[in-house]
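The residues making up each chain are set out below.
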Amino acid sequence: MNSKPNKKRIYLLLTLLASCLYLQAATYNVRDFGAKADGKTIDSPAINRAIEAAAQDGGGTIYLPAGEYACYSIRLKSNIHLYLEQGARIIAAFPGKEEGYDLAEPNEHNKYQDFGHSHWKNSLIWGIGLENITISGPGLIYGKGLTREESRLPGVGNKAISLKDCRNVTLKDFSMLHCGHFALLATGVEHLTLLNLKVDTNRDGFDIDCCRNVRISQCTVNSPWDDAIVLKASYALGRFKDTENVTISDCYVSGFDKGSVLDGSWQLDEPQAPDHGYRTGRIKLGTESSGGFRNIAITNCIFEHCRGLALESVDGGHLEDIVISNITMRNIVNAPVFLRLGARMRSPEGTPAGSMKRILISDINVWNADSRYASIISGVPGTYIEDVTFRNIHLYYKGGYNAEDGKRVPPEQEKVYPEPWMFGTIPAKGFYIRHAKNITFDGIRFHFEQPDGRPLFVTDDVENIEYYHTPTE
């Protein structure tokens, strides 16, 4: 009898058994580390023990079965996969007198951007200088005890997920509710993937700051009180760093009432964001723009009940090589398209003015847009927006303004925080273009619900503007 086949089978069985044992050993159930998941006990110490144990073993999956995990700061490590099972809810606890979130670390460069952008440890989940991080699963991260304000009080947390100088990060499949200042603040992260996230929050959704090689796809972000998906390039790292090589595709952004997208009620009873600009909820590049924005593609996205598309460079950054296509917008509360090259210069002294050039915006349909601000392309004296093409765009405005409104001369507002209302009522009913050159309109169609007596296009200090298949009056 030949024993070789039997030995081969035994070897394969032992290999399979060893593989199964390895897989089991690589999963760390937080219940085994003391987590109660009762919604009352603070479970972050148990979760952090599980993370520490996995990190000491070279990495692994931190498994959260169904239950409610009241937490303060969860500290990620390299090679960790935080997995939220169906029914698992990480709930940010309210800070107490003796315990709370990790302290915001010092940052000597915090004068160049808001407090929230300048610190990472004062968060529900945070990681600094890590690699190979995944957070996934069908569970929920609920920032119940986080503040949306810029609180400097010890123990107060104001971000749900915060990452700095990390590499190879994937966030996918979970939901996020009421996440404080940021649902996600990613600063200096390389190779970042956000996939199939559902976010319904009370301030910013995703802030992608000084990051490179970013993929955001199939995400729903409802953020009536601030921006939904926003690319930034602040000076929080203490150096100039561009946000570059970014794709945003197949996403839905909106400004419905907080929580009403996740619960399916789609309410519109809170008309004003805290800045009194109606609803926010948009996709934006800027405002923090000490660094630049390069090689950005945005496609197949939907805006609803929110502000329009905004591209802003006001702190010296170079915003270049941007392609935006296949966008539909409904019920837009300010300018459907807002391009602003300004001179706020919230950067180290001596930083020169930035630039905005080589931009292609095509295949856009906008329905029911507020007409007060029309669409705006505005640099500042001596600093031009350049080489912008608009192609195949349909704009359905509300209209309702008169010929006297067409005589207005908007103030320059060079150093003002950029929003369309900075200029007041715009003298154009279609596009207002100032301090720009090499601008092309090809296949633009305008529709007005009510008559509007302003000119269709108004230009000021513009060189080489071209119209193809586009009415000019």
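What you are looking at is a predicted structure, and each value in this text was computed from that prediction instead of being measured.

Caption draft 1: Region of the structure containing the UniProt feature "domain: Rhamnogalacturonase A/B/Epimerase-like pectate lyase" (unreviewed entry) in the protein chain. On the UniProt side, "domain: Rhamnogalacturonase A/B/Epimerase-like pectate lyase" (unreviewed entry) is annotated at positions that read residues 29-255 here. Helix makes up 6% of residues 29-255 and strand 44%, with an end-to-end C-alpha separation of 37 Å.

Caption draft 2: Highlighting the side chain of Q113. Position of Q113 among the secondary structure elements: in the loop between strand 7 (88-92) and strand 8 (125-128). A polar atom in the side chain of Q113 sits 3.0 Å from the backbone nitrogen of Y235. Residues in contact with Q113, not counting those within four places in the same chain, are S118, S234, Y235, A236, E288 and R346.

Caption draft 3: Structural view of the pattern of salt bridges. Taken as a whole, this structure holds 32 salt bridges when the rule is applied. The residue K232 makes a salt bridge to D207 at a minimum N-O spacing of 3.0 Å. Note that K232 is positioned in strand 20 (residues 229-233) and D207 in strand 17 (residues 204-209), a separation of 25 residues in sequence. Judged by relative accessible area, K232 falls into the buried class, the value being 5%. Linked by salt bridges that have partners in common, D227, D275, R282, K284, R307, E312 and E419 make up one network.

Caption draft 4: Broad picture of the packing of aromatic side chains. Following the criterion strictly, the structure yields 17 aromatic pairs and no others. The interplanar angle of 75° and the centroid separation of 4.9 Å between the aromatic rings of F457 and Y467 together place this pair among those described as edge-to-face. Taken together, the ring pairs in this structure connect F390, F431, F441, F446, F457 and Y467 into an aromatic cluster. For K429, the ring lying beneath its charged end belongs to F448, and the centroid distance is 5.1 Å. Across from the ring centre of Y384, 5.4 Å away, lies the NZ or CZ of K437, which sits over that ring.

Caption draft 5: Quick peek at the pairing of strand 7. Judged by how many residues are buried, strand 7 sits mostly within the fold: four of five residues are covered. With five bridges connecting them, strand 4 (residues 67-71) and strand 7 associate as parallel partners. Paired with C71 across the bridge in strand 7 is A92. Where strand 7 lies against strand 10 (residues 140-142), three bridges are found, and the strand directions are parallel. Residue I90 lies in a different strand from strand 10, and its bridge partner there is I141.

Caption draft 6: Region of the structure containing the state of the cysteines. The full count for this structure, using the stated rule, is zero disulfides. Among the cysteines around C219, which has no disulfide bond, C251 carries the closest sulfur, lying 4.7 Å off. For C219, a relative accessible area of 1% puts it in the buried group. Unpaired in terms of disulfides, C301 finds its nearest cysteine sulfur in C251, a separation of 4.9 Å.

Caption draft 7: View of the environment of I80. By secondary structure assignment, the location of I80 is in strand 6 (residues 80-84). Take I80: its relative accessible area is 2%, and that puts it in the buried class. Residues I80 and A54, 26 residues apart in the sequence, show an inter-C-alpha distance of 7.4 Å. When near neighbours in sequence (up to four residues on either side) are disregarded, I80 contacts I51, A54, A55, G59, G60, I62, N132, I133 and T134.

Caption draft 8: How the structure looks around the environment of E463. For E463, the position within the fold is in strand 32 (residues 457-468). In the structure, E463 is positioned 28 residues away from H435 in sequence and 8.3 Å away in space, judged by C-alpha atoms. Leaving out residues up to four positions away in the same chain, E463 has contacts with Y384, A436, K437 and N438.

Caption draft 9: Spotlight on the side chain of D207. Using a relative accessible area of 0% as the deciding quantity, one classes D207 as buried. Only 3.0 Å separates the side chain of D207 from the side chain of K232, close enough to count as a polar contact. Discounting residues that sit within four places of it in the chain, D207 has contacts with H117, F182, L184, L185, A186, V230 and K232.

Caption draft 10: Local environment of the nonpolar core. In terms of nonpolar packing, the biggest core is built from 117 residues, with I161, F206, I208, L339 and F390 touching the most fellow members. The biggest single contributor to this core is strand 31 (residues 431-448), with eight residues. Beyond its immediate stretch of four places on either side in the chain, F390 contacts V337, L339, I361, I377, F431, I439, T440, F441, D442 and I444.

About the criteria used
- Residues numbered from 1 in each chain as written.
- Predicted model: local features only at pLDDT ≥ 70, side-chain atom pairs only at ≥ 80, totals over all residues.
- Heavy atoms only, no water.
- UniProt positions renumbered as here; feature names shortened; annotations may be inferred.
- Helix = DSSP H or I, 4+ residues; strand = E, 2+ residues; numbered from the N terminus.
- Polar contact = N/O pair within 3.5 Å; in protein donor to acceptor, adjacent residues only side chain to side chain.
- Contact = heavy atoms within 4.5 Å.
- Salt bridge = Lys/Arg side-chain N within 4 Å of Asp/Glu carboxyl O.
- Buried < 20%, exposed > 50% of the residue type's maximum accessible area, 1.4 Å probe, protein only.
- Phe/Tyr/Trp six-rings, centres within 6.5 Å; stacked < 30°, edge-to-face > 60°.
- Lys NZ or Arg CZ within 6 Å of the ring centre and 35° of its normal.
- Pairing = 2+ DSSP bridges.
- Disulfide = S-S within 2.5 Å.
- Core = buried A, V, L, I, M, F, W, Y, C linked by side-chain atoms within 4.5 Å.

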